[in-house]
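A closer look at the structure
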Amino acid sequence: MEKILVLDFGGQYNQLIARRVREQHVYAEIRSYDRVTLDEIRDAGYQGIIFTGGPNSVYDPASPHFDPRILKLGMPILGICYGAQLLAFLAGGEVSAAMNGSEYGKTLLRSERHILFQNVPEESICWMSHTDFISAPPENYRVIASTVKCPCAALGNDMKKIYGVQFHPEVTHTEYGNRILHNFLFTICSCRGDWDASDYAEQMIAGYRSELAGKKVLLALSGGVDSSVAALLLHRAIGQNLICVFVDHGLLRKDEGDFVERTFRETFGVNLIRVNAGERFLQRLSGVAEPERKRKIIGEEFIRVFEEEARKIGHVHVLAQGTIYPDVIESGKGASAVIKSHHNVGGLPDVISFDEIIEPLRELFKDEVRSIGIMLGLPRELVWRQPFPGPGLAVRIIGEITAEKIKILREADAIFREEVEAARLNEGPDQYFAVLTDTCTVGVMGDARTYGVTAALRAVSTDDFMTADWFRLPYEVLERASSRITGEVPGVSRVVFDISSKPPATVEWE
Ligand code: XMP
């Protein structure tokens, strides 16, 4: 199978690079720079290598580096941002801090006629985010693009097939980013582009069928698309030896628990155990307001419940989880800085009484998981169900969690979702939900003064949940949701709409 190595130096957009490559039907594998050796790279037979961005300066002693002999492997390389600076530095060029400040945001790029810029106009918009820049390209490298602030916005050595771009072709703000990556993959690396997520899933099913033969596997099913796809995938591989444990932690959306139970048990005939553990979670969360603590507690309690179930079942060797690739990276398992821990990878206790943990989707992006879901016959409504965080409503209740707050949020959220769905928008938001803030404000109802909590509505559109735009919901939808929430949910006196994008905000409030 042809594949591209995305050598991860810790930038925030690293997964996007892999995703963009896979969108062009070339398998991309991300490896952290400090967890792969030169020999491994040589032996893996990659078609090409992409050096990712990184948060550092190449002259910082703590900055991530790599064996300079990587430039002599004969594999085509494309360095992006820090990756471009690093390869310039490794090849003997110079990198300096920009005298006129950092370059950030949409920027006019002037590119030369070059294979990397095939079918890219001479002037186009690119996305810049850097402080250092390549001040002197290495010998035998030629500058092939520039911006006003950055005299070397792209450089290359055609003999060696090594290229660097200071801008980010992987973010959508770079107008011709996909085209530039396409040129690298197909013209420079000679890829064929025959990779497909469904083939990958079939291989995985066949692999698990033999690897897990005779073993009982326990899966944490939440009913979200990730764990649902993981469940069906494993169900296809090992049938009734897959036992799905659905922990209802009491932090699910309205009627969600019953829906999940019905779908899996009745429609798919999956071996399912539902554990109603709401009280137990609530007790452990009592008095806790700090977001990361909440996540950790929920993660730990989840595992405990599983362990207890596993003990009841007996002979369970493997724990399966629906972790997907963005969870892995955002939890700091890659080189990127930790943003927030995800309960399914961040909160695992050190001692765990399963022999093995498998994460069938850990290499996959959300859209790839969805296309596998469709292939496995998951109904479209489930495949396209909006994501819901593992810790559930806990990360949407700011401050301490109480039964009363859960009840308020559940109702407000159900109304908001109902109104968005009723509006039948042609292209609706990818995720939308209500948040219960800890701000109480004064209201008036009839002739009486009220003092109630503020609910926030959040709607975002996104391709990958790594970046997201706040969604421009029609005012009528917001109006109906707001008046219904304040009218129908006792305790809420005000509704606000969140107009922050990611970055700098995240999708969830906690
Ligand atoms: P953020 O808030 O990180 O959210 O911008 C990105 C996407 O991830 C979901 N999310 C989570 N999913 N466990 C999960 O399984 C979590 O702890 C968690 N936190 C956020 C979020 O709903 C959004 O779709």
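Residues numbered from 1 in each chain as written. Predicted model: local features only at pLDDT ≥ 70, side-chain atom pairs only at ≥ 80, totals over all residues. Heavy atoms only, no water.

So, about the packing of helix H5 (residues 197-211) against helix H6 (residues 225-238). In contact at an axis separation of 8 Å, H5 and H6 are set at 50° when each is read in the N-to-C sense. In terms of orientation, H5 and H6 fall into the oblique class. Note on packing geometry: the crossing formed by H5 with H6 is right-handed. Together, Ala201, Glu202, Met204, Ile205, Tyr208 and Arg209 of H5 and Leu233, Leu234, Arg236, Ala237 and Ile238 of H6 make up the contact between the two elements. A breakdown of the residues in the contact of H5 with H6 according to their chemical character gives 8 nonpolar, no polar and 3 charged. (Axes fitted to C-alpha atoms, helices over the stretch in contact; angles between N-to-C directions. Helix = DSSP H or I, 4+ residues; strand = E, 2+ residues; numbered from the N terminus. Parallel < 35°, antiparallel > 145°, perpendicular 65-115°, else oblique. Left-handed = near helix turned anticlockwise from the far one by under 90°. Contact = heavy atoms within 4.5 Å. Nonpolar A, V, L, I, M, F, W, Y, C, P; charged D, E, K, R; others polar.)

Turning our attention to the state of the cysteines. One pass over the full model with this rule turns up 0 disulfides. With no disulfide of its own, Cys126 has Cys150 as its nearest cysteine by sulfur position, at a separation of 8.6 Å. Here Cys152 is not disulfide-linked; the sulfur of Cys150 is the nearest cysteine sulfur, at 6.3 Å. (Disulfide = S-S within 2.5 Å.)

Turning next to the sheet that holds strand E15 (residues 316-320). Taken in spatial order, the 5 strands line up as E14-E13-E12-E15-E16 in an open sheet, and their pairing is parallel. The two strands at the open ends of the sheet, each matched to only one other strand, are strand E14 (271-276) and strand E16 (356-358). If you compare each strand with its neighbour and ignore which way they point, the axes differ by 30° on average. Two elements, E15 and E16, share 3 bridges in a ladder whose sense is parallel. Counted as the bridge partner of Leu319 is Ile357 from E16. (Pairing = 2+ DSSP bridges.)

Under the domain assignment, the protein is made up of domain 1 (3-188), domain 2 (197-383) and domain 3 (402-497). The C-alpha-based centres of domain 1 and domain 2 are spaced at 36 Å. (Domains from an automatic or database assignment.)

Let us look at the sheet that holds strand E6 (residues 103-111). Taken in spatial order, the 9 strands of this open sheet run E2-E1-E3-E4-E11-E10-E9-E6-E7, and their pairing is mixed. This sheet does not close on itself; its edge strands, each paired only once, are strand E2 (27-32) and strand E7 (123-130). Sheet twist, expressed as the mean angle between neighbouring strand axes with direction ignored, is 25°. Bridge count between E6 and strand E9 (residues 142-146): 2 bridges; the pairing is antiparallel. Its bridge partner being in E9, Arg110 is matched across the sheet by Ser146. On top of the sheet, helix H1 (residues 14-23) reaches strand E1 (3-8), E2, strand E3 (48-51) and strand E4 (77-80); it is set at about 160° to E2, its chief contact.

The next thing to look at is the nonpolar core. Val229, Leu233, Phe264, Phe306 and Ile485 are the most contacted members of the largest nonpolar core, which has 90 residues in total. The element best represented in this core is H6, accounting for 9 residues. Split by domain, the residues of this core number at least three in each of domain 2 (197-383) and domain 3 (402-497). In this structure Val229 touches Leu361, Val369, Ile372, Gly373, Leu376 and Leu378, once residues within four positions along its chain are discounted. (Core = buried A, V, L, I, M, F, W, Y, C linked by side-chain atoms within 4.5 Å. Buried < 20%, exposed > 50% of the residue type's maximum accessible area, 1.4 Å probe, protein only.)

Moving on, we get to the pairing of E1. Across the 6 residues that make up E1, a large majority, 6, are buried. By the alternation rule, side chains of E1 split into Lys3, Leu5 and Leu7 and Ile4, Val6 and Asp8, which are all buried. Bridge count for E1 against E2 is 6 bridges, and the pairing is parallel. Bridge pairing links Val6 to Ile30 in E2. Taken together, E1, H1 and E2 constitute a β-α-β crossover, and its handedness is right-handed. Note: E1 against E3, 4 bridges, orientation parallel. For Ile4, the partnering residue across the bridge sits in E3 and is Gly48. (Right-handed = clockwise from strand over helix to strand, strands pointing away.)

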